[in-house]
Structures are given as C-alpha cells and as structure tokens.
Amino acid sequence: MTQDSELFTIPARRGRAARLSQGQSIQIVNTHGAQVVDTWAFSTEDPREFMSMEHIRPTLTRIFPHAGDDLVSNRRRPILHFAEDTSPGVHDTLMAACDDYRYGLLGCTEYHDNCTDNLFAALRNVGFPVTECPSPLNLWMNIPVDGAGGTTWGVPASKPGDHVVLRAEMDCVVAMSCCPQDILPINGEARAPTEAHYRILG
Ligand SMILES: [Zn+2]
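Trainee: Whenever I open this one, the overall build of the chain confuses me. Can you help?
Mentor: On a plain count of helices and strands, the chain comes out with three helices and 10 strands. In terms of overall dimensions, the chain is globule-like: its C-alpha atoms have a radius of gyration of 16 Å, near the 17 Å expected for 202 residues. Expressed as a percentage of the 202 residues in the chain, the buried residues total 50%. Considering only contacts within the chain whose residues lie at least 6 apart along the sequence, 76% involve residues at least 24 apart. As displayed, the chain has an accessible area near 9000 Å², and 51% of this comes from carbon and sulfur atoms. Here the chain carries 16 positive and 25 negative side-chain charges, and the mean point of each set is 2 Å from the other.

As structure tokens, then:
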C-alpha cells in the first residue's frame, strides 16, 4: 500500500463519498481524536446492496467489529474488509445515523446538520444518489452495553491520528459523515465536532 496518496478532508459536520474498485482500500483518519465518523458502503453495481449492520452482527456473532473482520452486505457477502485499526477498536453498529428528527427530539427548534442528510449530499456529489439511509458503521462511537442490555453515550476511546483501513471486497461507493452531534458527548466531552480525513490506498 502506498501512504503518499492525496489526503482529503471531511469537513466538520459534513459528509464525503469516494468510489473504490475491488481491492482498493480507504484509510479514514480521526485527525483530532474524538470524532465519530458514520460510514456506509454501497455496491456500485446495485445500490440496493449495501453494508448492513443487521447482517454483520450475526455473521460475526458480535456487536462490535474488529480489524480482521469481513463486513458483509444485506446480501450476506463481504463488501468491505476491516483491514487495519490503530485505535483501541471501539466502534458502534447499534445506533442509527442522526437526522433532523433526532435533533428535534433533543430540543432543537431549527434545522441541525445531521449524518443522514450528509450521506445523501455526499452521494449526490459523486453521482450516486440513494433515497434510504442504512444503519451506518459508526467508527469510534463508544456505546458501552451493560449486562442487562442497557446502552450509554460514551466518549471516543481513540486518540488524534488514529486510523482505520477498509478494503473494498467489491466495487463500491463509501460514504462518511463527520457526525455533527453537539448535544450528547459522543464526539467528546467538549461536544465540538471536528474534521476528519481520508485517502485512497492501492
Ligand atoms: Zn451523526
């Protein structure tokens, strides 16, 4: 893998998407260390096939994926391979992407940036529009689950510069959103969403 390919910014509170050919990888960097990046993958051939958290969990018999795992689609075949992770490996598969309704429930009375709209905008920008938002792989989102199945909103366990590498197992479009959540502490106690970065490898 080359490390000298161009580094792209995912601006704070915004989304970006990239097309990958089978065998290429995407490196996603938690530049400032406490930013959750919602991540999706869609088959280039048929956007009705996408990375599916509901299908990943029974395939892995775990609710949290680790480096070395295949991440499957809703047709139960690998779409991405989780090749590398320099962070402590705390990521979430349980929580839906945030949306304007979510922020309404949290008390916002005006439009709030959100991962669902970021997904749609990012995919439109690469000429790959979709109309539904699958559950994302929430990179670095820390949702501890207790023995009774209760969940809490943790702060990320990652540090600045941590990265993951996801390898395309089929031609696919990967979308990422720097989650604009600034009410709950999922992007750190400061509740201050930041940018992140990515590059295409191979
Ligand atoms: Zn979000």
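Resuming the write-up.
Trainee: Explanation requested: helix α1 (residues 53–60) in the structure shown.
Mentor: One full turn of an α-helix is made of 3.6 residues, so residues set three or four places apart face in the same direction. Turning to α1, its buried residues number three or more, namely M53, H55, I56 and L60. For α1, the buried positions fall inside an angular range of 160 degrees around the axis, keeping them on one side. In this fold, the buried residues of α1 make contact with β5 (70–72) and β7 (137–139). Positive phi appears at T61, one or two residues downstream of α1, with a value of about 50 degrees.

Trainee: Please clarify how unusual backbone geometry should be interpreted in this entry.
Mentor: Glycine aside, negative phi is the norm for most residues, and most peptide bonds take the trans geometry. Unusually for a residue other than glycine, T61 sits at a positive phi of about 50 degrees. Summarising the element assignment, T61 is placed in the loop between α1 and β5. Non-glycine residue R76 carries a positive phi angle of around 65 degrees. Its place among the elements puts R76 in the loop between β5 and β6 (78–85).

Trainee: Help me understand a nonpolar patch on the surface in this model?
Mentor: Together, I63, L94 and V145 make up a nonpolar patch on the protein surface, roughly 190 Å² of accessible area in all. Along the chain, I63 falls in the loop between α1 and β5. Residue classification places I63 among the partly exposed residues on the basis of a relative accessible area of 32%.

Trainee: I tried to follow the environment of W140 on my own but got confused; where do I start?
Mentor: Mapped onto the elements of the fold, W140 is located in the loop between β7 and β8 (162–168). Of the residues examined, W140 reaches a relative accessible area of 1% and is grouped as buried.

Reading the values: the criteria
Residues numbered from 1 in each chain as written. Predicted model: local features only at pLDDT ≥ 70, side-chain atom pairs only at ≥ 80, totals over all residues. Heavy atoms only, no water. Helix = DSSP H or I, 4+ residues; strand = E, 2+ residues; numbered from the N terminus. Rg over C-alpha atoms; globule rule 2.2 N^0.38 Å. Buried < 20%, exposed > 50% of the residue type's maximum accessible area, 1.4 Å probe, protein only. Contact = heavy atoms within 4.5 Å. Areas by Shrake-Rupley, 256 points an atom, 1.4 Å probe, with all protein chains shown as cover. Lys, Arg positive; Asp, Glu negative; His and termini not counted. Charge placed at Lys NZ, Arg CZ, Asp CG, Glu CD. Arc of directions from axis to C-beta. Patch = residues over 30% accessible without salt bridge, like charges linked within 9 Å, V, L, I, M, F, W, Y side chains within 5 Å. Salt bridge = Lys/Arg side-chain N within 4 Å of Asp/Glu carboxyl O.

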